[in-house]
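# Geometric and topological summary
Each chain, written out:
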Amino acid sequence: VQLQASGGGLVQAGGSLRLSCAASGRTFSSYAMGWFRQAPGKDREFVAAISRGGTNTLYADSVKGRFTISRDNAKNTVYLQMNSLKPEDTAVYYCAADRTVAGAILRYVYEYQYWGQGTEVTVSS
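The rules we used
Residues numbered from 1 in each chain as written. Predicted model: local features only at pLDDT ≥ 70, side-chain atom pairs only at ≥ 80, totals over all residues. Heavy atoms only, no water. Helix = DSSP H or I, 4+ residues; strand = E, 2+ residues; numbered from the N terminus. Rg over C-alpha atoms; globule rule 2.2 N^0.38 Å. Buried < 20%, exposed > 50% of the residue type's maximum accessible area, 1.4 Å probe, protein only. Contact = heavy atoms within 4.5 Å. Areas by Shrake-Rupley, 256 points an atom, 1.4 Å probe, with all protein chains shown as cover. Lys, Arg positive; Asp, Glu negative; His and termini not counted. Charge placed at Lys NZ, Arg CZ, Asp CG, Glu CD. Phe/Tyr/Trp six-rings, centres within 6.5 Å; stacked < 30°, edge-to-face > 60°. Lys NZ or Arg CZ within 6 Å of the ring centre and 35° of its normal. Pairing = 2+ DSSP bridges. Axes fitted to C-alpha atoms, helices over the stretch in contact; angles between N-to-C directions. Salt bridge = Lys/Arg side-chain N within 4 Å of Asp/Glu carboxyl O.

### Comments concerning the overall build of the chain
Scanning the chain from N- to C-terminus turns up 0 helices and 11 strands. Counting from the amino terminus, the chain carries its helices and strands in the arrangement β-β-β-β-β-β-β-β-β-β-β. Relative to its length of 125 residues, the chain is compact, with a C-alpha radius of gyration of 13 Å against a globular reference of 14 Å. The dimensions of the chain, computed from C-alpha atoms along their principal axes, are 40 × 25 × 25 Å. Buried positions account for 44% of the 125 residues belonging to the chain. For the chain, restricting intrachain contacts to residue pairs at least 6 apart in sequence, the fraction spanning at least 24 positions comes to 60%. With the model as given, the accessible surface of the chain reaches about 6,300 Å², and the carbon-plus-sulfur share is 45%. Here the chain carries 13 positive and 9 negative side-chain charges, and the mean point of each set is 7 Å from the other.

### Description of the environment of serine 16
Residue placement: serine 16 occurs in the loop between β2 (9-12) and β3 (17-23). Given the relative accessible area of 39%, serine 16 is considered partly exposed.

### Digging into the side chain of aspartate 89
Tracing the sequence through the fold places aspartate 89 in the loop between β8 (77-82) and β9 (91-99). Ignoring sequence-local partners within four residues, the contact set of aspartate 89 consists of Arg37, Arg66, Phe67, Ser84, Val121 and Val123.

### Overview of the packing of aromatic side chains
As enumerated under the stated definition, the model contains 6 aromatic pairs in all. Judged by centre distance (5.4 Å) and plane angle (80°), the ring pair of phenylalanine 36 and tyrosine 112 falls under edge-to-face. One end of the pair, phenylalanine 36, is in strand β4 (residues 31-38); the other, tyrosine 112, is in the loop between β9 and β10 (114-115), and 76 residues separate them in sequence. Judged by its relative accessible area of 0%, phenylalanine 36 falls in the buried class. Assessed through its relative accessible area of 6%, tyrosine 112 is described here as buried. Pairing tyrosine 108 with tyrosine 110 gives two aromatic rings, centres 5.7 Å apart and planes at 10°, and the pair type is stacked. Owing to a relative accessible area of 67%, tyrosine 110 belongs among the exposed residues under this scheme. Members of the aromatic cluster, each reached through a chain of ring pairs, are Phe36, Phe46, Tyr112 and Trp115. Its guanidinium or amino end placed over the ring of tryptophan 115, arginine 44 lies 4.9 Å from that ring's centre, counting from NZ or CZ.

### Some thoughts on the sheet that holds β8
With antiparallel pairing, 4 strands are arranged side by side in an open sheet as β1-β3-β8-β7. Two strands close off the open sheet at either side, each with one partner strand: β1 (3-6) and β7 (67-72). Looking at each pair of strands side by side, their axes are set apart by 15° on average, direction ignored.

### Some words on the pattern of salt bridges
According to the stated counting rule, one finds 4 salt bridges in the structure shown. Its salt-bridge partner being arginine 37, residue glutamate 45 comes within 2.6 Å of it at the nearest N-O pair. By relative accessible area, which is 35% here, glutamate 45 ends up partly exposed. You can call arginine 37 buried: its relative accessible area is 5%. With its nearest N and O atoms 2.7 Å apart, the salt bridge here joins aspartate 89 to arginine 66. Taken as a pair, aspartate 89 in the loop between β8 and β9 and arginine 66 in the loop between β6 (57-59) and β7 lie far apart in primary sequence, 23 residues in all. Arginine 66 sits in the buried class, given a relative accessible area of 11%. Within this structure, Arg37, Glu45, Arg66 and Asp89 form a network of salt bridges that share partners.

What follows is the structure, given as structure tokens:
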């Protein structure tokens, strides 16, 4: 599967952005999806994940209550709605995918085989 992330940009603290990740192929509903981010000089970190059917979600503590992950399997797209953005949310955001069983959540970088190219989010103070 090929992934294309979009929706990044420059926003003031307290603002919102919605990231999208469009997937190619006809088996999108077989893939668990995740969002990760990487700030300059730091390791890639987990942000949010969603099971292949969308029933289960998981968030990093740093974004819980502010970010929402969702997916539309009919559109082969996963979303990350980001509200109440903070300067520390500044990073390149990556979507990721891998096949898994129904209901499973994948939260580690090594669990994902497929990655998008990243979209940059900058939050100014």
